[in-house]
Amino acid sequence: MRKAYDTILSDYVDADAAGKSGGFEPYRYECACCWEEVHLCAADSRNQATHFRHRSGNNNVECENYLGYRNAIIRDAVSRRNVRDKIEFYFSNATKMFSIGVKFSADEILSYEQSGAFFQVGTASTSKPIISIPINGSRFIPDVSELIPINEFSWEYNVSSTNDSKQRKYEVFRKDGRGNLYPSFFKIQADGDDNVFQAKLVRTETLYTNTPYLFVFTHPYYTLSFQSDVKVGRTFRFSTMNRDFSGAIVTFTSKTAKVEQQLKTWKYQLEANETLTLLWPPSPQINDTLSINEKSVYIFSSFEMQPHGNINVSSKDIIRLDGGVSKILVNVRTKLYRKNVELSIAKHEGLISEYDTIFLTKESSKKFIAPDNATYLFNRSGVSPMSRGATVLLTATSEVRHFSFGYLDRIITSANNGVSWDSERILQDVLMYYKREEQFNRGDYESLALSLIAFQYIKSCENTGRINSAAKRFIEEGRI
């Protein structure tokens, strides 16, 4: 079949467009006739057209010849959405725990609650569930992923609801039929760093350059044979689920033969990354969705927008501008997905204010500790980002600025800013605390317009033949 329903884009897509967008994730596509899972075939073939095929082999004539209206298909698909389509696996570096993330819409929560359904996770298709949670409004928030810790190790996890007799199998940790162990890769989320981050399981066998990953082994692992070819961050060991793990933060900066060879032994492949950025309007992020109050957005992408291929809008809703920028007319929920990048944009519902007021607070302190990674130090050397927990001693010539969602909300200055720092006091402090000197040369100051304080100090240096190095620099810069 040439078309299928894409559960990520929430759209009816063509096989050729799906193949060009690299859509090989498990459980991503469904037959628009019988709603069983289908997968892409012959994406790289010269002899066959790219097409979708049932995994069960149920390529019957009824499904092959099925044609339907796009809007009707999407409405039908939404009504058939079930728990199996909303599953992701995560690792938290803060807690050193693995979790399963699941989310439901408001209608789904109400339906499941009325029927008394439970969300269940088992380690085998016939085993007793290790997780069983009632699906109701007190446990789940609509359209927000609920993270549920996993306390038992398994090579597979089977997910279902008590309303659904079918289970869907997920492999978080990897080994082959002969027992050879392979690492699992987790993509570090955009707001993470080497110390505090959350990472989402990569469910395909494709990795991308310039993308930070955490790779996890289910046993102690001591060496990285490709360290010289990648940017390697922190490595660490941890214990959870009564098992010892090891992990490392890596970024593949480029494709090399050595990297590709190592990844191939682990059943992965490496491709060049894509870039996707919302330029306008400024938009708050709620869970994994950007919320806007405009009819259109401006987006930069390193790839061409393919209607109903990597974005769930039609060609008339895309205006291509220069430099990789496109103007996109936003539907109720617009989704973009290609390779390593994804973006979900939703319109506000109902009446809302044009903006929320962010109040700017001004504080003074001798020492400041950064509360998060949205903190920056401003001083004579420029601007420097501060990591969470970093400490800085503030001076009269420095300040800290904190931002929320890209907006300035705090300014922290030195507690002594009220004290006047004239040239004489600056020179006194320099001579008191900085003891390095160098040979004095009167010709260095012939062309400078010297202040009275600087002139008097220069006269004293002529007598000794030495000058304080810091004082010299301050005089040259006109600060004394």
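Here, the structure is the one placed above.
Residues numbered from 1 in each chain as written. Predicted model: local features only at pLDDT ≥ 70, side-chain atom pairs only at ≥ 80, totals over all residues. Heavy atoms only, no water.

Participant: Residues and numbers for the overall build of the chain, please.
Facilitator: A tally of regular secondary structure across the chain gives eight helices and 38 strands. Counting every position in the chain, which comprises 480 residues, the buried fraction comes to 42%. Taking the contacts inside the chain whose residues are at least 6 apart along the sequence as the reference set, 59% of them involve residues at least 24 apart. Just so you have it, the chain exposes about 26300 Å², and 48% of that area is on carbon and sulfur atoms. (Helix = DSSP H or I, 4+ residues; strand = E, 2+ residues; numbered from the N terminus. Buried < 20%, exposed > 50% of the residue type's maximum accessible area, 1.4 Å probe, protein only. Contact = heavy atoms within 4.5 Å. Areas by Shrake-Rupley, 256 points an atom, 1.4 Å probe, with all protein chains shown as cover.)

Participant: So what about helix α4 (residues 106–115)? Which residues, and what values?
Facilitator: When α4 is considered as a whole, its buried residues turn out to be E108, I109 and Y112. Considered in projection along α4, the buried side chains sweep an arc of 100 degrees and stay on one side of the axis. Residues of α4 that are exposed and point more than 90 degrees away from the buried face comprise D107 and Q114. As for α4, its buried residues are in contact with β11 (157–161). Among the residues trailing α4, G116 stands out with phi positive, at a value near 70 degrees. (Arc of directions from axis to C-beta.)

Participant: How would you explain the pattern of salt bridges if you had to name every residue and give the values?
Facilitator: Under the definition given, this model contains 21 salt bridges. For E88, the salt bridge is made with R203, and the minimal N-O distance between the two is 3.6 Å. Taken together, the residues span a long stretch of sequence, with E88 in strand β6 (residues 87–92) and R203 in the loop between β16 (198–201) and β17 (206–208) at a distance of 115 residues. When the shortest N-O distance is used, the salt bridge between E363 and R410 registers 2.8 Å. With E363 in strand β30 (residues 361–364) and R410 in strand β36 (residues 407–413), this pair connects stretches of sequence that are 47 residues apart. Among the residues examined, R410 registers a relative accessible area of 22% and is labelled partly exposed. (Salt bridge = Lys/Arg side-chain N within 4 Å of Asp/Glu carboxyl O.)

Participant: Can you lay out the sheet that holds strand β29 (residues 341–347) for me, pointing to particular residues and giving the numbers?
Facilitator: Judged by pairing direction, the sheet is mixed, and its four strands sit side by side in the order β23-β24-β29-β28 without closing on themselves. Every other strand in the sheet has two partners, leaving β23 (285–286) and β28 (333–338) as the edge strands with one partner each. Pairing of strand β24 (residues 289–292) with β29, which is carried by three bridges, proceeds in the parallel orientation. Counted as the bridge partner of I292 is K347 from β29. (Pairing = 2+ DSSP bridges.)

Participant: Please give an account of unusual backbone geometry that cites residues and values.
Facilitator: Looking along the chain, the bond that leaves W280 and enters P281 is cis, with omega of 5 degrees. When you line up the elements, P281 lands in the loop between β22 (276–280) and β23. You will see that N242, though not glycine, has its phi angle at about 60 degrees, which is positive. Structurally, N242 is set in the loop between β19 (231–240) and β20 (243–251).

Participant: Please give an account of the nonpolar core that cites residues and values.
Facilitator: In terms of nonpolar packing, the biggest core is built from 37 residues, with F89, F98, I100, F119, F186 and L214 touching the most fellow members. The next biggest cluster of nonpolar side chains, apart from the first, holds 17 residues, and it includes F185, V250, V259 and L263. (Core = buried A, V, L, I, M, F, W, Y, C linked by side-chain atoms within 4.5 Å.)

Participant: Report on the sheet that holds β30, specifying residues and quantitative values.
Facilitator: Taken in spatial order, the five strands of this open sheet run β30-β36-β35-β32-β33, and their pairing is mixed. Two strands in the sheet have a free side with no partner beyond their single neighbour: β30 and β33 (382–386). Recorded for the sheet is a direction-independent mean angle of 25 degrees between the axes of neighbouring strands. As paired elements, β30 and β36 share four bridges and run parallel to each other. From the neighbouring strand, T361 faces β36, where its bridge partner is R410. (Axes fitted to C-alpha atoms, helices over the stretch in contact; angles between N-to-C directions.)

Participant: Before we move on, can you summarise helix α8 (residues 469–476) with the specific residues and values?
Facilitator: In terms of residue burial, α8 counts as a mostly covered element, since six of its eight residues are buried. Taken together, the buried positions of α8 are S469, A470, A471, K472, F474 and I475. Along its buried surface, α8 packs onto α6 (423–433), β37 (437–439), α7 (452–464) and β38 (466–468). Where α8 begins, the side chain of N468 points an oxygen toward the backbone nitrogen of A470, at a separation of 2.9 Å. With its phi angle positive at about 80 degrees, G478 sits one or two positions after the end of α8. (Polar contact = N/O pair within 3.5 Å; in protein donor to acceptor, adjacent residues only side chain to side chain.)

Participant: Please give an account of the environment of S154 that cites residues and values.
Facilitator: The residue S154 is located in the loop between β10 (146–149) and β11 in this model. Taking C-alpha positions, S154 is 9.3 Å from M241, a pair spaced 87 residues apart along the chain. Not counting the four nearest positions on each side in its chain, S154 is found in contact with T123 and F173. One polar contact links the side chain of S154 to the main-chain carbonyl oxygen of T123, over a distance of 3.5 Å. A distance of 2.5 Å separates the side chain of S154 from the backbone oxygen of E156, its partner in a polar contact.

Participant: Tell me about the packing of aromatic side chains, and name the residues and values.
Facilitator: For the coordinates displayed, the defined rule picks out 27 aromatic pairs. A ring pair is formed by F98 and F245, whose centres lie 5.3 Å apart and whose planes are at 55 degrees; its orientation type is tilted. On the criterion of sequence distance, the pair formed by F98 in strand β7 (residues 97–102) and F245 in strand β20 is long-range, its members being 147 residues apart. Judged by relative accessible area, which is 2%, F98 ranks as buried. (Phe/Tyr/Trp six-rings, centres within 6.5 Å; stacked < 30°, edge-to-face > 60°.)

Participant: Lay out the side chain of S469 in plain terms, naming residues and giving numbers.
Facilitator: Tracing the chain through its elements places S469 in helix α8. With relative accessibility at 12%, the residue S469 sits in the buried group. Within the local environment of S469, its side chain forms a polar contact with the side chain of E438, the two groups lying 2.8 Å apart. If near-sequence neighbours (up to four positions away) are discounted, S469 is found in contact with Y434, R436, E437 and E438.

Participant: So what about the environment of R174? Which residues, and what values?
Facilitator: Inspection of the secondary structure assignment puts R174 in strand β13 (residues 174–175). Judged by its relative accessible area of 16%, R174 is buried. Taking the C-alpha atoms as reference points, R174 and S184, ten residues apart in sequence, are found 6.4 Å from one another. Not counting residues up to four positions away in its chain, the partners in contact with R174 are W155, N180, L181, Y182, P183, S184, E205, W266, K267 and Y268. One polar contact links the side chain of R174 to the main-chain carbonyl oxygen of W266, over a distance of 2.9 Å.

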